[in-house]
Amino acid sequence: QAAHTLSQILTDDAVRHLVTLLVSGYLILQPGDLREWNADPESFVNADLSEEGLRVRPTSENLLSTLMQGRKEVVAAVTLQMLNQVSSSPTDTSNTSILLRESVYSAVGLCSYDLQELLAFSSWFQGSLQQAMAAQPAHPLHHVIRRRVASLLAAFVDSLREPGVRGEAYRVCVSLLKDPDMVVRVTAADSLLHLVDDTGFYQDSFLPYLPEAVEGLFGLMSDSQEVDTKLRILNVVSVLMEGMGRKIRPVVGCVVASVPSLWEQAQEQHLMKGAVLITITRLVQALGADIVSIADFVVSVVAFSCDVSSQYQLYTLEDGLDLWRAALRALPAPHPPLLALFPLVVQVVERDHEFLQVCLHIAESHLLLSGGQQTLQQFGPELQRLLTATLGQVPDAGSLMLLEVVDTLL
C-alpha cells in the first residue's frame, strides 16, 4: 500500500522536477559554503569528504542518491540532460554558470555507479572536463571546478582502464596537489588514493608521476594545520608506498628526510602516532637491506612504541610491533641496538596475549638474525620468562607457534 501511494506521488514528472530542483538549487554551493571554504578550507574539505552533519547540501546529496536507486531510468536521464546543457558552453565563466556546472558535476559523481554504462567518462574527461579546467583559471570561482574534477576522477576510477586516459588522470591529480587552493589539494590527494588503491593500478604506469606525487603529498602535509588533514595525507603516502613496493626506491630519500620530523610532530597527537608508524613500516619494507641508513631512528621509534608502561601504548603498541617485525626481517645483519630491545617483547607477552602472534614472530626473527647461542647468552632469563608466560597459558595454536621459536633456538 505504501509503495503504491508513493508511486502515485512520485510520478515520472515529479521525479524529473525534484531532481532538477535538487541539482539546480540545493546542491549548488551557497555563499555560506564559499565563505567557509575560504575562511577554514581544511575544516570545509574534511567535513565534505566525511559527509558530516545534517546540512542542506549533504542531505540533498543523500536524497538524490536514494532517488537514483529507486528510479534510475528517470533520474539518469535528467542528470545526463543537465550535463549536456552545461557541457555545451564550457567557456561560459559567469558565476552562476560555474556554480551550476559544479553542481551538475557533483550530481554526476554522486550517481557514478549507476551512470558507468551510460556516460563515456574517458571521452568526457579528455574533452569537456579538460576544457572546463582550462577556461580562465584566474577566475575567482575556478577553484570549485578544479576541485570537482579531482573528485570525479575518484568517483569514476573504474572507468579509467585505458593506459593513456589513466595516465592523464594521474597527471591531473598530481598537478592539483600543488594547487593554490587547499580544498583542491586535499581533494586531489583523496582522489589519488582511489587511483592507487585500485585493481587498475600498475607500478610502471605511475613511475613517471611518482617523484612529483611524493613531493606534493609531503608539501601538502607540511602546509596543513589540522590533524584530520595530516591523517588523510599520511594514509595516501602509506597506500602509495605499499602499492609501489620496491619501486618506491627513487623517492625514498624524500620520504626518509620527512618521516623523522613527522614523528616528532606526532608526539602531541595520539592519533597521528599510529599513522606515522604505518608510514615508517612501509618505508622499512621498501628499503629492504638499505634499512641500515635509518636503523638508529627505527630503534628509537620501536623503543618508544613498544613500551607497555608508556601512557601512549594504547595508540602505538600494535603498529610499533609491526614495525619491529618488519625491521628485523629487513636487516641484512644483526643491529645490536635493535636486538637489545628484546626484553620489551617479553613484557608485552607477560602483560597479556593479545599480540602473541606478532611477538613470537619477533622472537623468531631475533633468533634467526643474531643466532640462538648469542641470544641465550644475552637474554637467557628473558627467554625463560617468555616460555613461562606462554606454555600452558595459551590455546594450542599459540603453543605450536612457541614450539617453532624453540625449534629455531635449538
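If you're wondering where the values come from, they're calculated on a predicted model, not measured in any experiment.

### Focus: the overall build of the chain
- Check the secondary structure of the chain and you find 24 helices and zero strands.
- Seen through its principal axes, the chain has C-alpha atoms that stretch 80 × 55 × 40 Å.
- Taken over 410 residues, the chain has a buried fraction of 53%.
- Pairs at least 24 apart in sequence give 75% of the contacts found in the chain among residues at least 6 apart.
- Accessible area of the chain: about 18500 Å², with a carbon and sulfur share of 53%.

### Topic: the environment of Leu367
- Tracing the backbone through its elements, the reader meets Leu367 in helix H22 (residues 356–370).
- Given the relative accessible area of 4%, Leu367 is considered buried.
- For Leu367 and Leu339, which are 28 residues apart along the polypeptide, the C-alpha to C-alpha distance reads 9.5 Å.

### Let's talk about the packing of helix H10 (residues 142–155) against helix H11 (residues 163–176)
- For the pair H10 and H11, interaxial distance at closest approach is 10 Å and the crossing angle is 135°. Considering their axes alone, H10 and H11 lie oblique with respect to each other. Here the hand of the crossing between H10 and H11 comes out left-handed. Residues Arg146, Ala150 and Leu153 of H10 pack against Ala169, Val172, Cys173 and Leu176 of H11.
- The residue makeup of the contact of H10 with H11, split by class, is six nonpolar, no polar and one charged.

### So, the pattern of salt bridges
- Scanning all chains against the criterion turns up 20 salt bridges.
- Here Asp48 ties to Arg147 by a salt bridge, and the two come within 2.5 Å at their closest N and O atoms. Pair noted here: Asp48 is in helix H4 (residues 41–50) and Arg147 is in helix H10, with a separation of 99 residues, a long-range link.
- We classify Asp48 as buried; its relative accessible area is 16%.
- What emerges from the salt-bridge pattern is a single network uniting Asp33, Asp48, Arg57, Glu61 and Arg147.

Definitions and limits used
- Residues numbered from 1 in each chain as written.
- Predicted model: local features only at pLDDT ≥ 70, side-chain atom pairs only at ≥ 80, totals over all residues.
- Heavy atoms only, no water.
- Helix = DSSP H or I, 4+ residues; strand = E, 2+ residues; numbered from the N terminus.
- Buried < 20%, exposed > 50% of the residue type's maximum accessible area, 1.4 Å probe, protein only.
- Contact = heavy atoms within 4.5 Å.
- Areas by Shrake-Rupley, 256 points an atom, 1.4 Å probe, with all protein chains shown as cover.
- Axes fitted to C-alpha atoms, helices over the stretch in contact; angles between N-to-C directions.
- Parallel < 35°, antiparallel > 145°, perpendicular 65-115°, else oblique.
- Left-handed = near helix turned anticlockwise from the far one by under 90°.
- Nonpolar A, V, L, I, M, F, W, Y, C, P; charged D, E, K, R; others polar.
- Salt bridge = Lys/Arg side-chain N within 4 Å of Asp/Glu carboxyl O.

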